[in-house]
Amino acid sequence: MSTATLDPVALRADFPLLAGQPELVYLDSAATSQKPQAVIDAEVGFLTTANAAVHRGAHTLAAEATELFEDARETVAGFVGARPEQLVWTSGATAGINLAAYAIGNATLGRGAPASTRFALAPGDEIVLTESEHHANLIPWIELAARTGAVLRHIPVHDDGTLDLDRAGEIIGGRTRLVAFPHVSNVLGIVNPVDRLVSMARDAGALTLLDACQSAPHLPLDLPALGVDLAVFSGHKMLGPYAIGGLYGRSDVLEALPPFLTGGSMITTVTLDEADYLPPPQRFEAGTQPVSQAIGLAAAVRYLDAIGMEAVHAHERLLERRMREGLREIPGIRLLGDPSTGSGTASGSGTGEVERVALSSFDVDGVHAHDAGQFLDARGIAVRVGHHCAQPLHRRFGMTASVRASAALYNTEDDVDAFLDAVAGIRPFFGVAS
Ligand SMILES: Cc1ncc(COP(=O)(O)O)c(C=O)c1O
């Protein structure tokens, strides 16, 4: 395990936007992260010196571009502990989850190799999600259930934000075909117990899909070691470019899944009536791929690797504690999913101390989240307000909107202190506290 520490002040010099706006307190990295110069340079460098169509041309430049593109796959796959053929490029996590859902739907329709029938859903089969999903890991499954007659079940969250594992044990059973859940909720910041859920899903013979959007930028990640069948992550949240993400799959799962999008670049032979498909990952990569973005994402994970994800995690853990403890002390602040500010109506608390990333969502008593966000913005503090694409979870806590502060490796303890000072001023400013 690395014992390296991280100096966020020095790091900020690598991020042109942060270096150019030293007064900005950017606490919206869960929505999208800032990009280091190395990522910008990698994309621009590819476009200015090596741009050509990958996997298509016979000329030298095309071969060079293909090599860079496939090297990027190897680098990014390695970052999550995977082999290159286990990483499918997508335009983001939403696209990755939709790919999985539509591929499973195609298995239901009898498309794909005979091995794909193991994924087929019949009416009454169950897809298990959690109450804490981002809409990206909810709506594709709502749609798949509507197309197949499958039934959605949801693992509830306790008042303290942890998943109710007792209920999970009751819900995951003989009819469960898929368990899809977030590694880290984008509202609660809690790291979910992947091992427990994978083991329950395995016992039931169900497939697992992990939404790793909010863990990949913050924790060391080894997807094969976590034992999940499928997982998605999002480039723009982990210092990388927009419109790039990854779908990881266990080899046997990807090999058996039918494709979703079809067309050029994913085939071996085509007649006017039929087509044979390439093995994964190309089978899932029809059409032109996000080439410069993949190369940018490889630069992002090289940047993170050079710092060391253990060091990133340790630094962000300090920020997390400071932020959470500071918020707890401010009167009128109700944190979503925190033992100190129980809320909601269902069962109370999970297992006590849990691991978290540096992300807190909260309600300011008597002040609408949007007003609170504007107040913070006027003081140079960028946070997100709204439901953060998690309406059911907000409803669970009796809210429609919250304020979310989310840190990354480039945030300092001073950022957190400036944020806490400003939050303490919200209620007095709006005249709901002295
Ligand atoms: C937990 C979670 N899942 C999925 C997504 C969607 O990711 P993308 O922007 O890559 O589609 C997000 C983005 O906010 C997220 O936080």
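In this text the structure is predicted, and so the values were computed from the model without any measurement.

### What to know about the sheet that holds strand S12 (residues 359–364)
Sheet strands associate in pairs through backbone hydrogen bonding, adopting either a parallel or an antiparallel arrangement.
Step number 1: Strand order in this open sheet of 4 strands is S11-S12-S15-S14, and the pairing throughout is antiparallel. Of all strands in the sheet, those bounded by a partner on one side alone are strand S11 (333–335) and strand S14 (384–386). When the angles between neighbouring strand axes are averaged without regard to direction, this sheet yields 30 degrees.
Step number 2: The pairing of S12 with strand S15 (residues 402–406) spans 4 bridges and is antiparallel. Bridging from a neighbouring strand, Phe362 pairs with Val403 of S15.

### As for empty space enclosed by the protein
Step number 1: This structure, assessed with the given rule, holds 2 cavities of 30 Å³ or more.
Step number 2: Together, Ser29, Ser33, Pro217, His218, Lys237, Leu239, Leu304, Glu316, Ala408 and Leu409 line the largest cavity.
Step number 3: Its residues assigned to classes, the lining of the largest cavity shows 5 nonpolar, 3 polar and 2 charged.
Step number 4: Each of domain 1 (8–30 + 309–430) and domain 2 (44–303) contributes no fewer than three residues to the lining of the largest cavity.
Step number 5: Put simply, the second largest cavity is a space of about 30 Å³.
Step number 6: Around the second largest cavity sit Ser29, Ala30, Gln214, His218, Val357, Ala358, Leu359, Ser406 and Ala407, which together line it.
Step number 7: Per-class residue counts for the lining of the second largest cavity are 5 nonpolar, 4 polar and no charged.

### Things to note about the side chain of Arg324
Step number 1: Summarising the element assignment, Arg324 is placed in helix H12 (residues 309–329).
Step number 2: Residue Arg324 is classed as buried on the basis of its relative accessible area of 4%.

### Things to note about the domain arrangement of the protein chain
Where interface size is given, it is often the accessible area lost as the parts come together that is meant.
Step number 1: If you check the domain split of the protein chain, you get domain 1 (8–30 + 309–430) and domain 2 (44–303).
Step number 2: For domain 1 versus domain 2, the distance between C-alpha centres works out to 28 Å.
Step number 3: Contact residues are listed per partner, giving 47 residues for domain 1 and 31 residues for domain 2.
Step number 4: Interface area, domain 1 with domain 2, both sides summed: about 3,000 Å², of which 58% is carbon and sulfur.
Step number 5: Taken as a group, Met309, Val357 and Leu393 account for 20% of the area that domain 1 buries against domain 2, more than any other trio of residues on that side.

### Brief notes about the site of the ligand
Step number 1: Around the ligand sit Gly92, Ala93, Thr94, His134, Ala136, Asn186, Asp211, Cys213, Gln214, Ser234, His236 and Lys237, and those are all the residues in its vicinity.
Step number 2: A distance of 2.8 Å separates an oxygen atom of the ligand from a polar atom in the backbone of Ala93.
Step number 3: In the complex, 88% of the free accessible area of the ligand, which totals 400 Å², lies under the protein chains.
Step number 4: Partitioned by chemical class, the residues of the shell around the ligand number 3 nonpolar, 7 polar and 2 charged.

### Observations regarding helix H5 (residues 93–108)
Step number 1: For H5, built from 16 residues, the straight-helix expectation of 22 Å at 1.5 Å per residue is met to within 8% by its first-to-last C-alpha distance of 23 Å.
Step number 2: All buried positions along H5 are accounted for by Ala93, Gly96, Ile97, Leu99, Ala100, Ala101, Ala103, Ile104, Gly105, Asn106 and Ala107.
Step number 3: Where H5 is buried, its residues contact strand S2 (87–90), helix H6 (139–148), strand S5 (176–182), strand S6 (207–211), strand S7 (230–234) and strand S8 (245–249).
Step number 4: Looking one or two residues past H5, Gly110 carries a phi angle of roughly 85 degrees, positive in sign.

### A closer look at the nonpolar core
Step number 1: Among the nonpolar cores identified, the biggest contains 78 residues, and Trp89, Leu297 and Leu409 are the most heavily contacted of them.
Step number 2: The element that contributes the greatest number of residues to this core is helix H11 (residues 291–307), accounting for 11 residues.
Step number 3: Formed jointly, this core draws a minimum of three residues from each of two domains, domain 1 (8–30 + 309–430) and domain 2 (44–303).
Step number 4: Residues contacting Leu409, with those up to four places away along its chain left out, are Leu6, Pro8, Leu11, Leu239, Tyr303, Leu304, Ile307, Val312, His315 and Glu316.
Step number 5: Judged by nonpolar contacts, the second largest core, of 32 residues, contains Ala136, Trp141, Leu209 and Leu254.

### Describing the pattern of salt bridges
Step number 1: The final tally for this structure, using the stated rule, is 20 salt bridges.
Step number 2: For Asp417, the salt bridge is made with Arg322, and the minimal N-O distance between the two is 2.9 Å. Taken as a pair, Asp417 in helix H15 (residues 413–424) and Arg322 in helix H12 lie far apart in primary sequence, 95 residues in all.
Step number 3: Looking at Asp417, the relative accessible area reads 26%, which means it is partly exposed.
Step number 4: Note on Arg322: relative accessible area 33%, which makes it partly exposed.
Step number 5: In this structure, a network of salt bridges that share partners links the residues Arg118, Asp229, Arg250 and Asp252.

The rules behind each value
- Here, residues in each chain are numbered from 1, in the same order as that chain's written sequence.
- Note on the predicted model: pLDDT of at least 70 is required for a residue's local features to be given, and 80 or more for side-chain atom pairs to be given and counted; whole-chain, interface and lining totals, by contrast, use all residues.
- Water and hydrogen atoms play no part in the side-chain values, which are based on all heavy atoms of the structure.
- Between any two strands, at least two bridges found by DSSP are needed for them to pair.
- Going along the chain from the N terminus, every DSSP run of H or I of four or more residues is numbered as a helix, and every run of E of two or more is numbered as a strand.
- As a rule, the C-alpha atoms of each element are fitted with a line to give its axis, helices using only the stretch in contact, and angles between N-to-C directions run from 0 to 180 degrees.
- Grid points spaced at 1 Å and placed over the protein atoms alone form the basis of the search, with a cavity being a set where a 1.4 Å probe fits but cannot get out and a pocket an open set showing protein on both sides within 12 Å along at least five of seven lines. Lining residues have an atom within 4 Å of a point.
- Grid points are joined across faces, edges and corners, and a volume is the space filled by probe spheres set on the points.
- Residue classes follow a fixed rule: Ala, Val, Leu, Ile, Met, Phe, Trp, Tyr, Cys and Pro count as nonpolar, while Asp, Glu, Lys and Arg count as charged, and any other residue, Gly among them, counts as polar.
- Start and end points for every domain follow an automatic or database-based domain assignment.
- Buried, partly exposed and exposed residues are distinguished by accessible area as a fraction of the type maximum, computed with a 1.4 Å probe on protein chains only: under 20%, between the cut-offs, and over 50%, respectively.
- Whether two residues are in contact is decided by their heavy atoms: any pair within 4.5 Å suffices.
- Accessible area that two parts lose when put together, evaluated with a 1.4 Å probe and summed over both, is termed the buried area.
- What makes a residue near a molecule or strand is one non-hydrogen atom of that residue sitting within 4 Å of it.
- Each polar contact in these results corresponds to two N or O atoms within 3.5 Å; when the atoms are within protein, one needs to be able to donate a hydrogen and the other to accept it, and residues that are neighboring in sequence are counted only if both atoms are side-chain atoms.
- In these tables, accessible area is a Shrake-Rupley quantity obtained with a 1.4 Å probe, and a residue counts as shielded only by the protein chains included in the view.
- To estimate the expected span of a helix, subtract one from its residue number and multiply by 1.5 Å.
- For our purposes a nonpolar core is just a set of buried Ala, Val, Leu, Ile, Met, Phe, Trp, Tyr and Cys residues, chained together by side-chain atoms within 4.5 Å.
- By salt bridge we mean one thing: a side-chain nitrogen of Lys or Arg within 4 Å of a carboxyl oxygen of Asp or Glu.

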